[in-house]
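What the coordinates show
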Amino acid sequence: MTDAAQPRFTWNESAVPDGVPVTQVYVWALDPDDGRVLIQDRCTRHVRPHNLPGGRPEPEDRGDPLRTAAREAMEESQIHIDVDRAVYLGYQLVEGDPKRPEPYAQMRYAAPISAYEPIGPDPDNGRTHRRFMVSLDRAPELLAW
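A quick note: this is a predicted structure, and the numbers were derived from the prediction, not measured.

Definitions and limits used
Residue indices begin from 1 for each chain and proceed along its sequence in written order. Side-chain atom pairs in this predicted model are given and counted only at pLDDT of 80 or more, local residue features only at pLDDT of at least 70, and totals for whole chains, interfaces and linings cover all residues. Hydrogens and waters are ignored; side-chain quantities use all the structure's heavy atoms. Under the scheme used here, helices are H or I runs from DSSP no shorter than 4 residues and strands are E runs no shorter than 2 residues, and both carry numbers assigned from the N terminus. When checking whether two residues touch, look at their non-hydrogen atoms; a contact exists if any pair is within 4.5 Å. Salt bridges are counted wherever a side-chain nitrogen of Lys or Arg sits within 4 Å of a carboxyl oxygen of Asp or Glu. Classification of residues uses two cut-offs on accessible area relative to the type maximum, computed with a 1.4 Å probe and protein chains only: under 20% is buried, over 50% is exposed, and between them is partly exposed. Any two strands between which DSSP finds at least two bridges are classified as paired.

So, on to the side chain of Asp31. Relative to the elements of secondary structure, Asp31 occurs in the loop between strand S2 (22-30) and strand S3 (37-41). Not counting residues within four places of it along the chain, the set of residues in contact with Asp31 comprises Arg36, Ile113, Tyr116 and Met133.

Right, dumping it as structure tokens:
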């Protein structure tokens, strides 16, 4: 694949512009006691074995990206986030994606974890992700950012 076929990512701290679809919402889920962030370990066979909890908006989210973040955090990592204390960080604009030619947004929130449930499978795909609690300094290394 050539560089011309690679998507371009631009970080924005503003609201997503009207007309730009939001395809994913992710959350920096922080432990309120020590400030560590939850990173999913999806397995070494995956192209990107570590990620933040998050995913695509679903109809039951009623167009609310924070609902998407909370639902995905519960489904993927079995955690509850405190949506009342969540902070919108911004969005990543993706352009030039060969799979999706029109620009789209991937939103990011930060929120404290309010409760942990026992680890279990994601209802969407049946996979169980391990939870890594890491410092904010270590997170970009694991996320390959």
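A few words on the environment of Pro98. Within the secondary structure layout, Pro98 lies in the loop between strand S7 (87-95) and strand S8 (104-116). Each C-alpha atom of the pair Pro98 and Ala5 lies 6.3 Å from the other, and the pair is 93 residues apart in sequence. Look past the residues within four positions of Pro98 in its chain and what remains in contact with it is Ala5 and Pro7.

Okay, the environment of Ile39 next. Following the sequence through the fold, Ile39 ends up in strand S3. Once residues lying within four places of it in the same chain are set aside, the contact partners of Ile39 are His50, Asn51, Leu52, Arg130, Arg131, Phe132, Val134, Ala139 and Leu143.

This part takes up the pattern of salt bridges. Taken as a whole and assessed by the stated rule, the structure comprises nine salt bridges. Close ionic contact of Asp41 with Arg130 constitutes a salt bridge, the shortest N to O distance being 2.3 Å. One end of the pair, Asp41, is in strand S3; the other, Arg130, is in strand S9 (residues 130-134), with 89 residues separating them in the sequence. The exposure class assigned to Asp41 is buried, which follows from its relative accessible area of 9%. Here the salt bridges share partners, and the residues they tie into one network are Glu60, Asp61, Arg71, Glu72 and Glu75.

In terms of residue burial, S8 counts as a mostly covered element, since 10 of its 13 residues are buried. The pairing of S2 with S8 spans eight bridges and is classified as parallel. In the strand pairing of S8, Tyr26 is matched with Arg108. Inspection of the sheet shows strand S6 (residues 79-81) paired to S8 by three bridges, in the antiparallel sense. Bridge pairing in S8 places Ile81 opposite Ile113. Two strands pair when backbone bridges link them, and S7 and S8 are joined in this way by seven bridges, in the antiparallel orientation. By the bridge assignment, Tyr91 is partnered in S8 with Met107.

Scope: geometric values only; no functional claims are made or implied.
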